[in-house]
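Examining the three-dimensional arrangement
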Amino acid sequence: MEQNDTTTIEMSAMEIHKVAPPPHKTTLQKLKTRLKETFFPDDPLRQFKGQPLKKKLILGAQYVFPILEWGPNYSLKLLKSDIVSGLTIASLAIPQGISYAKLANLPPIVGLYSSFVPPLVYAVLGSSRDLAVGPVSIASLVLGSMLREVVSPTKDPILFLQLAFSSTFFAGLFQASLGFLRLGFIIDFLSKATLIGFMAGAAIIVSLQQLKSLLGITNFTKQMGIIPVLSSVFHRTNEWSWQTILMGFCFLVFLLLTRHISIRKPKLFWISAGAPLLSVIISTLLVFALKAQKHGISVIGELQKGLNPVSWNMLHLHGSYLVLVIKTGIVTGILSLTEGIAVGRTFAALKNYQVDGNKEMIAIGLMNIVGSSTSCYVTTVNHNAGSKTAVSNIVMAVTIMVTLLFLMPLFKYTPNVILGAIIVTAVIGLIDISAAYQIWKIDKFDFIVLLCAFFGVIFISVQNGLAIAVGISIFKVLLQITRPKTVLLGNIPGTRIYRNLDHYKEALSVPGFLILSIEAPINFANTTYLKERISRWMEEYESGETKKQSELRYVVLDLSAVSAIDTSGISLFKDLRMVLEKKSLELVLVNPIGEVLEKLQRADDTKDMMGPDCLFLTVGEAVASLSTTIKYQIPTHV
């Protein structure tokens, strides 16, 4: 080809491929496929295919009770590891259980109850081998704050306890229902940015709430926002106790130091796991020896001995508080599920085994339902201490049982300041600055969601902050749906490849062609926008430099990224075709995928939209075929 000031472009002959329609499927087959992909993406029944009846029964029992899968291969070596990890977890669960119960405004003993029965249930039904079961800080905080808005835990402790058990029942019912109905995707609406911001905000609120114990304040605000909490702290300086502050500071430094050691050297995890119990023992001995309870250091006091009493008769399943306990149960259930499944999947990936999210929901849900009837509040899987199998949960539960039966009098002189220090140390790990920075680098909108969750929690309330962040995340999704991206494509010289003109600077627009790519499903929510946006592209073409080279003849829509379309989307193409015909222009569609092509064919009664000159497999083939009708020249680009 000669190179002059202008060069006549001649498209080389190329084979034009026919756009093949998708294989025919009945409506029932399509519905079956859609339901399977929605509710059974993991195809849990695939392991049963082609198996004899006896094998199917065994696999079915193992699916329902995972303990039957790993139990027959259990060895003495695994038992030794599980005993060590179970005792280590128990040493952490005992002080944390007491601490988190106080965070939820519940009697401390309830925290130990919640570390006894639920682990036994999870050991049988749960699929995670690495995690222990117990209360968690965020769910404890949310449960306590939501119930306290209606009922005072100090003025009416029995009713408050009843509502806590009732909320736990509905949390378990909601969690198990999600698992049974395969609706686990609902919790995916809590995006990573939402969770990071929410967890960081909640960690700060939880930590600030512990200033009551760390400073020895007796009259403390019941509000959760950062301003009322700090206001209460500095307006109660006359209640500060230097003895309490000294003890709290010393043990807080000790706990943070052990946590730092375990982070730097993961093999020494047992140091941070055992530090809380060691702190409880040392502080209790100090208080007892120095009679510090008489010098301004408050203590837990008497804790009753004995195993979990039955509490099914305390559940409020009707009456004026029903809406409150259902709402509290759903919120705490979602939070505990999200944390538990995320942590479980993380450890499963590290250990190269699979965790079924829906099975986990069922296990955690049933665990909370049983727990609500045995004086427990919301629990989930939450931490790791070198466990090999779920037997470590059984070992932990047995250790808690021994504690409940024989060791409760030893906690009489345990200072509340130690519980506050343990909570602060536990929740400080929820503040993930590096993850927040990564979100800032990658997606500024997600970072805004993170900030909304964070500031909403610390300035408004825990549940409202979470609701605001979820709302903004959903708004982002709706914005992506209602304002789909459309880009102008051009040809990369020397190839038949067409790419975004703004992205690939070497790409050239093809005179006579307006080539657009729609990069989202087309539905009723975005058809009006797409119609207006395509019209604007046409106006810009007619008023731009391209018109000087050639009159617009074809509007080519690349539908490769359009994964779905509805009747409104079909109407969009029909309307667009009518508008273009009035301007003596032609609409060309490129590579509509299965479902889109099928609906277009059904709607094309006159066979005008899907004719051989209106439908192509690639943009390159469309331009090559149609350019023979256009005579044009463009400047040479060396």
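Residues numbered from 1 in each chain as written. Predicted model: local features only at pLDDT ≥ 70, side-chain atom pairs only at ≥ 80, totals over all residues. Heavy atoms only, no water.

A word on the overall build of the protein. When its secondary structure is counted, the protein shows 25 helices and 10 strands. Expressed as lengths along the three principal axes of its C-alpha atoms, the size of the protein is roughly 100 × 65 × 50 Å. Classification of the 638 residues of the protein by burial places 50% in the buried group. Considering only contacts in the protein between residues 6 or more positions apart, those separated by 24 or more positions represent 78%. Summing over all exposed atoms, the protein offers an accessible surface of approximately 31,300 Å²; the carbon and sulfur share of this is 63%. The centroid of the 57 positive side-chain charges in the protein is displaced by 14 Å from the centroid of its 42 negative side-chain charges. (Helix = DSSP H or I, 4+ residues; strand = E, 2+ residues; numbered from the N terminus. Buried < 20%, exposed > 50% of the residue type's maximum accessible area, 1.4 Å probe, protein only. Contact = heavy atoms within 4.5 Å. Areas by Shrake-Rupley, 256 points an atom, 1.4 Å probe, with all protein chains shown as cover. Lys, Arg positive; Asp, Glu negative; His and termini not counted. Charge placed at Lys NZ, Arg CZ, Asp CG, Glu CD.)

All right, on to unusual backbone geometry then. Even without a glycine there, the phi angle at S375 is positive, about 60°. Turning to its location among the elements, S375 is positioned in the loop between helix 15 (357-372) and strand 3 (380-384). Located in the positive-phi region is N591, a residue other than glycine, with phi close to 50°. By secondary structure assignment, the location of N591 is in the loop between strand 8 (586-590) and helix 24 (594-603). The class for N591 is partly exposed, based on a relative accessible area of 24%.

An order of 5-4-6-7-8-9 is seen for the six strands of this open sheet, with the pairing classed as mixed. Sheet topology places strand 5 (498-500) and strand 9 (615-616) at the edges, where each strand pairs with a single neighbour. Where strand 6 (residues 513-518) lies against strand 7 (residues 554-558), five bridges are found, and the strand directions are parallel. Residue pairing for strand 7: F513 is matched across the bridge by Y554. (Pairing = 2+ DSSP bridges.)

Under the defined criterion, the tally for this structure stands at nine salt bridges. In this structure, K412 engages E302 in a salt bridge whose closest nitrogen and oxygen atoms are separated by 3.3 Å. You can see K412 sitting in the loop between helix 16 (391-407) and helix 17 (416-428) and its partner E302 sitting in the loop between helix 13 (269-290) and helix 14 (322-351), a full 110 residues away along the chain. Assessed through its relative accessible area of 59%, E302 is described here as exposed. A single network of salt bridges, built from pairs that share partners, joins D443, D446 and K476. (Salt bridge = Lys/Arg side-chain N within 4 Å of Asp/Glu carboxyl O.)

With 111 residues, the main nonpolar core has L106, L141, F198 and L404 as its most contacted residues. Of all the elements, helix 8 (residues 157-180) adds the most residues to this core, at 11 residues. Not counting the four nearest positions on each side in its chain, F198 is found in contact with I138, V142, L335, A453, V457, V462 and L466. Core analysis: the second largest hydrophobic core is formed by 30 residues, L530, I570, L572 and L580 among them. (Core = buried A, V, L, I, M, F, W, Y, C linked by side-chain atoms within 4.5 Å.)

Let us look at helix 11 (residues 226-235). Residues I226, V229, S232 and V233 constitute the buried set of helix 11. The buried residues of helix 11 all sit within an arc of 135° when viewed along its axis, so they share a single face. Every exposed residue of helix 11 that faces more than 90 degrees away from the buried side is listed here: I227, F234 and H235. Structurally, helix 11 contributes buried residues whose contacts are with helix 9 (192-209), helix 10 (211-215) and helix 19 (444-459). (Arc of directions from axis to C-beta.)

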